[in-house]
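Chains, contacts and geometry: an overview
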Amino acid sequence: MKITEKLALNAMKNDKSSHIELDPRICATCRERYCLYACPANLYSLNEKGEMVVEFAGCLECGTCMIACIYGSVRWKYPEGGFGVQYRFG
Amino acid sequence: MAGLSCAYELADSGMTILVLERGDFSGSKNVTGGRLYLAPLRGYLPDLWKDAPFERRVTKELLTLVGDTHSATLELQSSPSHQQVSPSYTVLRAKFDRWLADIVSEKGVFVIPQKPVDDLIKEGDKVIGVRAGQEELGADCVVAADGILSFMVGKAGLRKALEPRHLALGFKEVIALPSETIEDRFRLGEGEGAAQLFVGSLTKGRMGGGFVYTNKESLSVGMVVGIHSLNQTEPREEVYKLLDQFKERPEIKNLIRGGETVEYSAHLITEGGIHGKPKCYTDGMLVVGDAAGLGLNMLVTVRGMEYAMVSGVLAGRTIKRAKEQNDFSAASLAYYEKLLSESFILKEMMTYQHTLSILENERLISKYPQAIVDLFEKVMTVDQRPKASLYQTLCQGLKKEFFNLQTLKDWIQFRKL
């Protein structure tokens, strides 16, 4: 099962704006790219220009990226009320 | 569940209690592996359990050492008479927390969904309320029960930044299977449950392990991986792939055969023990549960939900006392820290204060499970050659893997557990 198929199983209501923001200046200097490996939803990727981007839809709200990024690029808050993942089992 | 437990303790006190819930309903943002040990809770919450939505009573504990191509499992099967003494139950948080929220609501507590707290309102250093969206809510006492990432603890200045070393990622799939299939595959009686932990090569050198918990009509299959270890371990690999590979192993593949994944979830877990615990009180505010870093990896048992519920109760008791004295200052609320240290929570966290350094010992994950599995395999295998004596096989295996200075050093370290 692909990770995108797994994420599609979750009850999710996506807000219009992202609850995760990256600081492109910090990401530009990062070599390790911890976020790429740490996100259990695989939401981080490098775009065609080689810049780090994050897709907030599908986020499991664990906060791992914010902790794994020791350079402090990940500005992360909880989605607004009524949005984000709604676990039915948990 | 820490916040709701606090509300439960305070429900009959005459105070107005508001529980601000981030999700659509209580439990909708929460994740456990996982199971709840009831014995430590009964003294603090004696009347709660009659209709609790437990999944299964755990009657079987399995510990599996995982090698590259083999694994070895130790199984603890409890006799029916013993099961009543110290039961634990598997739970799913979306069900359990919702049930608890209904109980406290019936007792007159206001549980307000879709209300994430954005900020604390302060007067000098004193917390006097919270801001949630456009709303400002004043309170004699704010209880931060906003989970392991607790932004409220950060805003109150009670903790510096969270550290990768002190946290692990837990992530799992809930895989639906018929009740009878689960009972057959784990050899369980009706309603009985199993908890299986895995340690060894499944994490590919990373601190952590795997788990399977039986629910009524599903299995929770997941892994825990330390974030620092995840950052540092080579060769690098996306963490989500480790779970897919784990599911492909025969130990899991045959358990989940024919099952349908119905949810994929993730949550952080504290691994820092006492070293990751912030100060739990300040003027006008207390901190409970995961927000207070109350959780413990005891290597073969993992604790957190009992700590959450009991810390909530202790915070409730502290607030009642503060109300009687009409004093919600830090000096008054410091009573909570005293209650915590007198409870099993901080006693256990002190006992296990050295665990983190042992968990970080990479040989615990990479070397010893593999060595034990290899030796077990050697003992069990019959090939075309004449079989060597059992004693000789064991001695050779032990000598090769365990009779060396490194293992002696590790053994001395493990004695701190």
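Values in this document were obtained by computation on a predicted structure and should not be read as measured data.

1. Description of the pairing of strand β8 (residues 126–132) of chain B
Side chains on a regular strand alternate between the two faces of the sheet. Residues and elements named next belong to chain B. With five bridges connecting them, strand β7 (residues 119–123) and β8 associate as antiparallel partners. In the sheet register, Asp 119 faces β8, and the bridge partner there is Arg 131. Counted along the chain from β7 to the antiparallel partner β8, the turn is two residues long, and its residue Gly 124 has a positive phi close to 65°. Where β8 and strand β9 (residues 135–138) come together, four bridges link them in antiparallel fashion. Across the sheet, Arg 131 pairs through a bridge with Glu 136, a residue of β9. Where β8 folds back on β9, the antiparallel hairpin that results is connected by two residues, among which Gly 133 adopts a positive phi of roughly 60°.

2. A look at the nonpolar core
In terms of nonpolar packing, the biggest core is built from 134 residues, with Cys 35 and Cys 65 of chain A together with Leu 169, Leu 286 and Val 288 of chain B touching the most fellow members. In terms of residues, this core owes the most to one element, helix α10 (residues 305–325) of chain B, which gives ten residues. In this view, Val 288 of chain B contacts Ala 2, Gly 3, Cys 6, Val 143, Ala 145, Ala 308, Ser 311, Gly 312 and Ala 315 of chain B; residues no more than four positions away in its chain are not counted.

3. Some details on the sheet that holds strand β17 (residues 285–287) of chain B
All names here are of chain B. Taken together, the three strands give an open sheet; going across it, the order is β10-β17-β16, and neighbouring strands pair in mixed fashion. Each of the sheet's edge strands pairs with one partner strand only, and the pair in question is β10 (142–144) and β16 (281–282). Across three bridges, β10 lies against β17 in parallel orientation. From the neighbouring strand, Val 142 faces β17, where its bridge partner is Met 285.

4. Comments concerning the interface of chain B and chain A
Contacts between the two partners involve 39 residues from chain B and, on the opposite side, 28 residues from chain A. Elements supplying a minimum of two residues to the side of chain B that touches chain A: α4 (93–106), β11 (167–176), α7 (227–232), α8 (239–248) and β15 (260–270) of chain B. Ranked by residue count, the leading element in the side of chain B that touches chain A is β15 of chain B, at eight residues. Taken together, the residues that form the side of chain B that touches chain A break down as 19 nonpolar, eleven polar and nine charged.

5. Re the pairing of strand β3 (residues 57–66) of chain B
Residue and element names in this part refer to chain B. Alignment of β3 against strand β12 (residues 192–200), held across nine bridges, turns out to be parallel. Counterpart to Arg 57 in the pairing with β12 is Glu 192. With seven bridges connecting them, β3 and strand β4 (residues 71–77) associate as antiparallel partners. Bridge pairing links Leu 62 to Glu 75 in β4. Linkage of β3 to β4, two consecutive antiparallel strands, is achieved through a turn of four residues.

6. Examining the packing of helix α1 (residues 2–10) of chain B against α4 of chain B
Residue and element names in this part refer to chain B. The interhelical angle for the contact between α1 and α4, taken along N-to-C directions, is 20°, at an axis separation of 10 Å. Accordingly, the angle class assigned to the pair α1 and α4 is roughly parallel. The chirality of how α1 crosses α4 is left-handed. Counted together, Leu 4, Ala 7 and Tyr 8 of α1 and Asp 97, Leu 100, Ala 101, Ile 103 and Val 104 of α4 form the full contact between these two elements.

7. What to know about the environment of Leu 18 of chain B
All names here are of chain B. Within the fold, Leu 18 resides in strand β1 (residues 18–20). On the basis of neighbour count, Leu 18 is assigned to the partly exposed category, with 14 C-beta atoms found within 10 Å. Here the alpha-carbon distance between Leu 18 and Leu 296, two residues 278 residues apart in the chain, equals 29 Å. Among residues more than four places away in sequence, those in contact with Leu 18 are Phe 110, Ile 112 and Leu 137.

8. Section: α1 of chain B
Residue and element names in this part refer to chain B. Of all nine residues in α1, nine are buried; the element is thus mostly enclosed. What α1 keeps buried is the set Ala 2, Gly 3, Leu 4, Ser 5, Cys 6, Ala 7, Tyr 8, Glu 9 and Leu 10. Contacts made by the buried residues of α1 are with β1, α4, β10 and α10.

9. Description of the confidence of the model for chain B
For chain B, mean pLDDT is 95; residues scoring 70 or higher make up 99% of the total. Prediction confidence for the complex, expressed as pTM and ipTM, is 0.96 and 0.98 respectively.

10. Examining the environment of Met 298 of chain B
Residue and element names in this part refer to chain B. Its location among the elements puts Met 298 in the loop between β18 (296–297) and β19 (302–303). Separated by 105 residues in the primary sequence, Met 298 and Gly 193 place their C-alpha atoms 21 Å from one another. Apart from the residues lying within four places of it in its own chain, the contact partners of Met 298 are Arg 303, Tyr 352 and Thr 355.

11. Notes on the environment of Leu 63 of chain B
All names here are of chain B. On the secondary structure map, Leu 63 appears in strand β3. With 117 residues separating them in the primary sequence, Leu 63 and Glu 180 have C-alpha atoms 23 Å apart. Beyond its immediate chain neighbours, meaning those up to four positions away, Leu 63 contacts Thr 73, Leu 74, Leu 197 and Val 300.

12. Examining unusual backbone geometry
Residues and elements named next belong to chain B. The omega torsion across Gly 33 and Gly 34 is -25°, close enough to zero to call that bond cis. Residue placement: Gly 34 occurs in the loop between β1 and β2 (35–37). Of note, the bond from Glu 234 into Pro 235 is cis; its omega dihedral lies within 30 degrees of zero at -10°. Secondary-structure assignment places Pro 235 in the loop between α7 and α8. Notably, Gln 114 is not glycine yet its phi reads approximately 55°, a positive angle. Mapped onto the elements, Gln 114 comes out in the loop between β6 (110–112) and β7.

13. Describing the packing of helix α16 (residues 368–380) of chain B against helix α17 (residues 390–401) of chain B
Residues and elements named next belong to chain B. Orientation of α16 relative to α17, taken along the N-to-C sense of each, is 160°, at an axis distance of 10 Å. It follows that α16 is roughly antiparallel to α17 by the angle criterion. Crossing angle aside, the handedness with which α16 passes α17 is right-handed. Contacts between α16 and α17 involve Ala 371, Leu 375, Lys 378 and Val 379 from the first element and Leu 390, Thr 393, Leu 394, Gly 397 and Glu 401 from the second. Partitioning the contact of α16 with α17 into residue classes produces five nonpolar, two polar and two charged.

Definitions and cut-offs
Residues numbered from 1 in each chain as written. Chains lettered and ligands numbered in written order. Predicted model: local features only at pLDDT ≥ 70, side-chain atom pairs only at ≥ 80, totals over all residues. Pairing = 2+ DSSP bridges. Helix = DSSP H or I, 4+ residues; strand = E, 2+ residues; numbered from the N terminus. Core = buried A, V, L, I, M, F, W, Y, C linked by C-beta atoms within 7 Å. Buried ≥ 20, exposed ≤ 12 C-beta atoms within 10 Å, placed from the backbone. Contact = placed C-beta atoms within 7 Å. Nonpolar A, V, L, I, M, F, W, Y, C, P; charged D, E, K, R; others polar. Axes fitted to C-alpha atoms, helices over the stretch in contact; angles between N-to-C directions. Parallel < 35°, antiparallel > 145°, perpendicular 65-115°, else oblique. Left-handed = near helix turned anticlockwise from the far one by under 90°. pLDDT = per-residue confidence, 0-100.

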